[in-house]
Amino acid sequence: MKKVLTSLLIIAGLLFIGLGIYYWMKTAGDLPHWLPGHEAGSTHHHLKHGLAAVVLGLGCFIWAWVNSGGKPEVKSEQNTE
């Protein structure tokens, strides 16, 4: 289950970063109508939308990195008598 979640987080991170780059490259009028920030005929670039998507993507990568770590070893005390 842990590997599946890590894989999904990596995929989501890539998608969010790709979406952020897409926001920076296209104007608001060129965005698909289902994306937030679409404004028909507008030549405005949504830099904040792109930045938010990239931050979400980096957050997914950090979460995947933390999630991929192993369990900490529990050292038990042993009697040396």
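Keep in mind the model is a prediction, meaning the values are calculated, not measured.

Asks: Can you help me understand a nonpolar patch on the surface in this one?
Replies: Residues Ile 21, Trp 24, Met 25, Leu 47, Leu 51 and Val 55 make up a contiguous nonpolar surface patch of about 620 Å² in total accessible area. Considering the arrangement of structural elements, one finds Trp 24 in helix 1 (residues 2-25).

Asks: I'm lost on the environment of Ile 21 in this one. Help?
Replies: Note on placement: Ile 21 falls in helix 1. On the accessibility criterion, Ile 21 (43% relative accessible area) is partly exposed. In the structure, Ile 21 is positioned 32 residues away from Ala 53 in sequence and 8.6 Å away in space, judged by C-alpha atoms.

Asks: Even after reading the chapter, I still don't get the packing of helix 1 against helix 2 (residues 47-67), so can you show me in this structure?
Replies: Two numbers describe a pair of packed helices, the interaxial angle and the distance between the axes. Where helix 1 contacts helix 2, the axes come no closer than 7 Å and their chain directions differ by 160°. Classed by the angle they form, the pair helix 1 and helix 2 counts as roughly antiparallel. Pair helix 1 / helix 2 crosses with left-handed handedness.

Asks: Looking at this structure, I do not really get the environment of Gly 50. What am I missing?
Replies: Mapped onto the fold, Gly 50 is located in helix 2. Residues Gly 50 and Gly 20, 30 residues apart in the sequence, show an inter-C-alpha distance of 3.8 Å. Those residues in contact with Gly 50 that lie beyond four places of it in its chain are Gly 20, Tyr 23 and Trp 24.

Asks: For this particular structure, what's the right way to read helix 2?
Replies: Side chains of residues three or four places apart in an α-helix project in the same direction, reflecting 3.6 residues per turn. The end-to-end C-alpha distance of helix 2 is 30 Å, a good match for the 30 Å that 21 residues give at a rise of 1.5 Å each. Residues of helix 2 that are buried: Gly 50, Ala 53, Val 54, Gly 57, Cys 60, Ala 64 and Asn 67. Around the axis of helix 2, the buried residues are gathered within 150° of arc, so they sit on the same side. Away from the buried face of helix 2 by more than 90 degrees, exposed residues Leu 47, Lys 48, Val 55, Ile 62, Trp 63, Trp 65 and Val 66 are located. Tucked into the core, helix 2 has its buried residues touching helix 1.

About the thresholds
- Residues numbered from 1 in each chain as written.
- Predicted model: local features only at pLDDT ≥ 70, side-chain atom pairs only at ≥ 80, totals over all residues.
- Heavy atoms only, no water.
- Patch = residues over 30% accessible without salt bridge, like charges linked within 9 Å, V, L, I, M, F, W, Y side chains within 5 Å.
- Areas by Shrake-Rupley, 256 points an atom, 1.4 Å probe, with all protein chains shown as cover.
- Salt bridge = Lys/Arg side-chain N within 4 Å of Asp/Glu carboxyl O.
- Helix = DSSP H or I, 4+ residues; strand = E, 2+ residues; numbered from the N terminus.
- Buried < 20%, exposed > 50% of the residue type's maximum accessible area, 1.4 Å probe, protein only.
- Axes fitted to C-alpha atoms, helices over the stretch in contact; angles between N-to-C directions.
- Parallel < 35°, antiparallel > 145°, perpendicular 65-115°, else oblique.
- Left-handed = near helix turned anticlockwise from the far one by under 90°.
- Contact = heavy atoms within 4.5 Å.
- Expected span 1.5 Å × (residues − 1).
- Arc of directions from axis to C-beta.

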